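Each chain is listed here by its residues.
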Amino acid sequence: MRYHRETLPVLQPPSAAIIVIDTAERQRRALRRNRLLATALLLVAAAGFFATYLLPQPGFWVLLLRAGAEAAVVGGLADWFAVTALFRHPLGLPIPRTAIIPKSKDRIGEGLGDFVERNFLAPEIIAAKLREIAPARHVAEWLAVPENARRVAEQIAALLPYAIRSLDDAEVRDFVVRSFGEQLREIDLAPVLGRAIAIITSSGQYDGLFDRLLDAAQALVAANEDRVYAMVEERSRWWIPKPVDRRIAQAILQSIEEVLSELRLSDSKARDELRRAVAGFAENLVASPEQRRRFNEAKDRLLDHPEVQAWLARIWDDLRRIFVDDLAAPSSRTREAVYTGILSFGRTLAADRHMQTRLETMLEQVALAAVPWRGRIGGLIAEVVRGWDPRTVARRLELAIGSDLQYIRMSGTLVGACVGCALYLLSYYLF
């Protein structure tokens, strides 16, 4: 299958912050520019209106200009008042029904939440949009590109050390050990262990594993021969000669070696009896309540032992250190494993349309399951807006739509000029 690159966004918080700042600065410049243009147009109309009175004997065209300029000033001022009254009190005067947005902040938040709830979170809208987007296919094809998979893996690998180091705390370590211990206590390991042993004993792997255990036992006995001699001498009577003690120790070691040698023979009776005993023990772990109870009690006593808890804590610390050291290495196996896993997942999913459909169906079901919570989402929006400062809300909304509202001021000035001229012409020719 041929994979091609598609442009999908990768979240990069620093770049996102720069984009937000650039957008706000662009909106601020647009608002300042349009506000200056609207104000300049109003001042031009006012200047034209007053200039007509400087002429001693105004004629038709001067009077027409005066009527148009007068109406333009009225229209421009009216629209300036309307636009300004949305965000603040015009000229700082507490005129009733002004500063509409700051005063209606809570109601705006409720309306916005209700609007989002009804028009964005409706089940049919969500389902149709998810089917149109086909997210599983797009994500799979994007991850199937090695560069994209590498980028995602690098971001995950960059975050992992911080996440792992944040767990370097005595309380966190104690919590993990305690939680792990509690989980082991709650799990009934007896039947699991019994079934595992039964599978091993009934498979061809049992003999090989048993021979390895015998090798380990023989090596252990050989490594501790001197200790056996010393233990026999310590426990022997004072009047027994040391050569006798050594003969006794040799007899003990020889007996152990004979038992291990007999167990190593595949057709020996001892080996068959041991195998049946192991199989019976596995069966009792699964079927015998009493055996399971004794096993779980022994497991709980073992977990309560301080050395076992310290061992679990050491395992936790060792695992953290291993991952952090590996991630810091130039040729990190963890980073490569993450990259390989992501790339393999993307390519496998991109080639499996059936799995894509299943994932998209699951995603749709999850999204639709969250639809009953849409009332809370709308309430959350209203609550967030309610917590904003009124002046901050007015400032943000003015920054977002204020530049467009300045066109209303310009249009009001121009429309007023046209209406003034039209009224003057009607009155001139009709009356």
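So, here's what we can say about the structure.

Calculation criteria
- Residues numbered from 1 in each chain as written.
- Predicted model: local features only at pLDDT ≥ 70, side-chain atom pairs only at ≥ 80, totals over all residues.
- Heavy atoms only, no water.
- Helix = DSSP H or I, 4+ residues; strand = E, 2+ residues; numbered from the N terminus.
- Buried < 20%, exposed > 50% of the residue type's maximum accessible area, 1.4 Å probe, protein only.
- Salt bridge = Lys/Arg side-chain N within 4 Å of Asp/Glu carboxyl O.
- Axes fitted to C-alpha atoms, helices over the stretch in contact; angles between N-to-C directions.
- Parallel < 35°, antiparallel > 145°, perpendicular 65-115°, else oblique.
- Contact = heavy atoms within 4.5 Å.
- Nonpolar A, V, L, I, M, F, W, Y, C, P; charged D, E, K, R; others polar.
- Phe/Tyr/Trp six-rings, centres within 6.5 Å; stacked < 30°, edge-to-face > 60°.

Now for unusual backbone geometry. The phi dihedral of Leu91 is positive, around 60 degrees, even though this residue is not glycine. Its place among the elements puts Leu91 in the loop between α2 (60-87) and α3 (100-103). Taking relative accessible area as the criterion, Leu91 reaches 71% and is therefore assigned exposed. The backbone of Arg97 sits at a positive phi, close to 65 degrees, despite the residue not being glycine.

For Arg151, the position within the fold is in helix α7 (residues 146-165). Each C-alpha atom, one on Arg151 and one on Tyr339, is 8.6 Å from the other, the two residues being 188 residues apart in sequence.

Any two side chains of opposite charge can pair if their charged atoms end up close together. Taken as a whole and judged by the stated rule, the model has 20 salt bridges. Its salt-bridge partner being Glu154, residue Arg335 comes within 3.4 Å of it at the nearest N-O pair. With a gap of 181 residues between them, Arg335 in helix α16 (residues 333-351) and Glu154 in helix α7 connect regions that are remote in the sequence. Exposure remark for Arg335: the relative accessible area of 16% places this residue in the buried category. Using a relative accessible area of 34% as the deciding quantity, one classes Glu154 as partly exposed. Ionic pairing is found between Glu290 and Arg293, a salt bridge with its closest N-O pair at 2.2 Å. With Glu290 and Arg293 both in helix α14 (residues 289-304), this residue pair falls 3 residues apart, about one helical turn. Through salt bridges that share partners, Glu290, Arg293, Arg294 and Glu297 make up one connected network.

Quick look at the packing of helix α9 (residues 189-202) against α14 now. It is the contact of α9 with α14, at a shortest axis distance of 9 Å, that shows an interaxial angle of 110 degrees. With respect to each other, α9 and α14 are oriented roughly perpendicular. For the pair formed by α9 and α14, the contact residues are Leu189, Ala190, Pro191 and Leu193 on the first element and Arg292, Phe295, Asn296 and Lys299 on the second. Here the residues of the contact of α9 with α14 are counted per class, giving 5 nonpolar, 1 polar and 2 charged.

The tally for this structure, following the rule as stated, stands at 7 aromatic pairs. When the centroid spacing of 5.3 Å and the interplanar angle of 70 degrees are considered together, the rings of Phe49 and Phe50 count as edge-to-face. A residue is classified by how much of its surface remains accessible, and Phe49, at 16% relative accessible area, is buried. Here Phe60 and Tyr424 contribute two aromatic rings whose centre-to-centre distance is 5.9 Å and whose plane-to-plane angle is 45 degrees, an arrangement assigned as tilted. Of this pair, Phe60 sits in helix α2 while Tyr424 sits in helix α19 (residues 390-430), placing them 364 residues apart in sequence. When its relative accessible area of 16% is taken as the criterion, Tyr424 is described as buried.

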